[in-house]
Structure formats: C-alpha cells, structure tokens
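# Observations on the model geometry
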Amino acid sequence: MSEAIKISNLTKVFGDGAETVTALNGINFTIPEGSFVSLIGPSGCGKTTLLRCIAGLETPTAGEVNIDGKTITKPGSDRGFAFQQANLFPWLTIRENVAFGLKARHIYNAHKNDVDDFINLVGLKGFEKSYPHQLSGGMNQRASLARALVGKPKILLLDEPLGALDAFTRMNMQDEILRLKQKNETTMVMVTHDVDEAVYMSDYVVIMSARPSKVEKIIKIELSHPRARGQDVFLKYRTQILEILNYAGKVQEVEYTI
C-alpha cells in the first residue's frame, strides 16, 4: 500500500515575539493510501491544527505535508473537510449548502443526484428546503458532513464531525462513513476525543502528547470490519490507548497478540 500523506518535521508556532505558542513540535508520520487514521490526544494538543495543515488551511512554521509527492501549500478539491462546527451558509437551504462545492467546481450537473443521496444518508430527507437556523445543531452538523462527502474527495479530513449527534445516529454514521471509505477507496483522517470511536473506525490511531505536541505512539488496529465493541481484543486496544493517554490510572499491563 503506497503512502497518500507524508508529514515531515511539521512544526507550527502561533504568535510572534515573546507571545508565542508551539502547537506542533516536529511531527513525523505517513498515512497509507486508502487507510482510516484517527488523531487522538489531550484537548488543545494541536490535533485540529495538524488536520488544517493537511488541508492547506494552515501554513507550517517548519516542515511540510506532502500528498502523492506534492508539497501542500493551499486547499484543493482532492481534500474534503468536515469541521467541528457546521459552518453552513445561513442564506442557503440545506440542499443548496450540500450542493455548494459541486457548483463551485462546475460539476453539479454530473453529480446532482448525489446531493439527494447524501442528504438521505445523513437522515435529512424532508429538510432539503429548510434553512440552517430552522434546524438543530446536530442536524446542521449532519448537513455539513454530507457537504464534505458529496464531492467524493480522495482524502476526507474529519474534525470531530459526529460529536453533536445522538449516540444512535453517531453509530449509524460511523458505519456509513466506513462504507463510503471502502466504496470510494478514500483516505480518511479524523480528529476525535472518543477512544471507542477511534478503535471502531481506524486502521491506525495516532496518539499525540500534550502541547507542544509530538507523536506519542501509533497503534495499528488489526481487526476486521465490522467490529464488535465488546470483544476482548477491541477492549484491549481501548485500554492500551487510555493507558498511553494517562486517563485510565493504574492499569495492569496486558499482552497483545496482533
């Protein structure tokens, strides 16, 4: 499997002079093409900053992000982004919001049926003509996710896109995102604080340290899909990640067979 994303000595410092904050401190790892990678770590450790650097929305202070051998300097249509906040255009309907990227790229006519398909996928059928202010925050977040997915980007970047959803919808959306990943062979990188979500969805979990952030450990999740959240190996991965994050207290060391 070839690498889709290579992150080399990535450093990001905010501010200047005496008032600076180092968010990322020499991050190095590669993301294989077609894989699902979760970024997990303490709040404020730079996970979203790293995601934004991959998207081309932030310029690194040092180091670089390469996709297929090309250095990333700006956003591109090969990368979709689902933000923490819905960020919908308030003057557009839900359908118009979902279709916006397709129209901006002048490919709407060829893919307009996909707009309705993805609206149905996220459970918003019947709300196509509604405006964002008429819907709940969770419904707007689902519309934002549909907007990111509808263009079928080669790389999909997900910044806690399921955090505002109820538990039942969240689990359904996890499965649908994985189905779409497999169908379209999309490389996906997701920021999450949910350890169970990371183990359930990921091929690799990248554990980041507190700021200034570095990669603490990368764990390969060698479980086939669909995964059972209660199986012993799943729970061992979960315990291992929590132990590294230092959230689990004193946990007896266990042996892992991978």
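Residues numbered from 1 in each chain as written. Predicted model: local features only at pLDDT ≥ 70, side-chain atom pairs only at ≥ 80, totals over all residues. Heavy atoms only, no water.

## Some remarks on the packing of aromatic side chains
Threshold: Only centres within 6.5 Å qualify two rings of Phe, Tyr or Trp (six-membered ring in Trp) as a pair; their planes then separate them into stacked at under 30 degrees, edge-to-face at over 60, and tilted for everything else. For each residue, the accessible area found with a 1.4 Å probe, counting protein chains only, is set against the maximum for its type, and the residue is called buried under 20%, exposed over 50%, and partly exposed in between. Secondary structure elements follow DSSP: runs of H or I no shorter than four residues count as helices, runs of E no shorter than two count as strands, and numbering proceeds from the N terminus.
Overall, the coordinates contain 3 aromatic pairs when judged by the stated rule. An angle of 25° between the planes, with centres 4.3 Å apart, marks the rings of Phe81 and Phe83 as stacked. Residue class for Phe81 comes out buried when judged on its relative accessible area of 13%. What makes Phe83 partly exposed here is its relative accessible area of 24%. Taking the centre distance of 4.7 Å and the plane angle of 55° together, the rings of Phe89 and Phe100 count as tilted. Placement of Phe89 in the loop between strand 6 (79–82) and helix 2 (94–104) and of Phe100 in helix 2 is noted, with a sequence separation of 11 residues between them.

## Observations regarding the pairing of strand 9 (residues 204–208)
Basically, it comes down to this: The pairing criterion is simple: DSSP has to find at least two bridges between the two strands.
Within strand 9, 4 of the 5 residues are buried, which leaves it mostly tucked inside the rest of the structure. Pairing of strand 3 (residues 36–40) with strand 9, which is carried by 4 bridges, proceeds in the parallel orientation. Each residue of the ladder has a partner; that of Leu39, found in strand 9, is Val206. As paired elements, strand 9 and strand 10 (residues 215–220) share 5 bridges and run antiparallel to each other. Its bridge partner being in strand 10, Ile207 is matched across the sheet by Lys217.

## What about the packing of helix 2 against helix 4 (residues 137–150)?
Each pair of packed helices can be described by the angle between their axes along with the distance between the axes. Rule in force here: Interaxial angle, 0 to 180 degrees, is taken between N-to-C directions of lines fitted to C-alpha atoms, where a helix line uses only the stretch in contact. By the definition adopted for this analysis, an angle is roughly parallel if under 35 degrees, roughly antiparallel if over 145, roughly perpendicular if from 65 to 115, and oblique otherwise. Take the far helix as your reference; a near helix turned counterclockwise from it by less than a right angle gives a left-handed crossing, and one turned clockwise gives a right-handed crossing. Contacts are assigned to residue pairs that have any heavy atoms within 4.5 Å of one another.
At a minimum axis distance of 8 Å, the contact between helix 2 and helix 4 shows a crossing angle of 25°. Of the possible angle classes, the one that applies to helix 2 and helix 4 is roughly parallel. The hand of the helix 2/helix 4 crossing is right-handed. In this structure, helix 2 uses Ile94, Asn97, Val98 and Leu102 to contact helix 4, whose residues at the interface are Asn140, Ala143, Ala146, Arg147 and Val150.

## Some details on the environment of Leu102
Turning to its location among the elements, Leu102 is positioned in helix 2. Judged by its relative accessible area of 1%, Leu102 falls in the buried class. For the pair Leu102 and Val150, spaced 48 residues apart in the sequence, the C-alpha separation amounts to 8.0 Å.

## A closer look at the sheet that holds strand 10
Reading across from one edge, 6-7-8-3-9-10 is the order of the 6 strands in this open sheet, with mixed pairing throughout. Two strands in the sheet have a free side with no partner beyond their single neighbour: strand 6 and strand 10. Ignoring strand direction, the axes of neighbouring strands in this sheet form an average angle of 15°. The strands that helix 1 (residues 47–55) touches are strand 3, strand 6, strand 7 (155–159), strand 8 (187–191) and strand 9; relative to strand 7, the one it contacts most, it runs at about 155°. Together, strand 3, strand 9 and strand 10 form the strand contacts of helix 7 (residues 232–245), whose direction differs from that of strand 10 by roughly 175°.

## Regarding helix 3 (residues 108–121)
Threshold: Here, expected helix span is obtained from the residue count minus one, scaled by 1.5 Å. Working definition for bend: take the seven residues up to and ending at a residue and the seven starting at it, fit an axis to each, and measure the angle between the axes.
Taking 1.5 Å per residue, 14 residues should reach 20 Å; helix 3 reaches 18 Å between its end C-alpha atoms and fits that length. At Asp114, helix 3 shows its maximal bend, which comes to roughly 30°. Summarising the contacts, the buried residues of helix 3 are in contact with helix 2, helix 4 and helix 5 (167–184). Following helix 3 by one or two positions, Gly123 has its phi on the positive side, about 80°.

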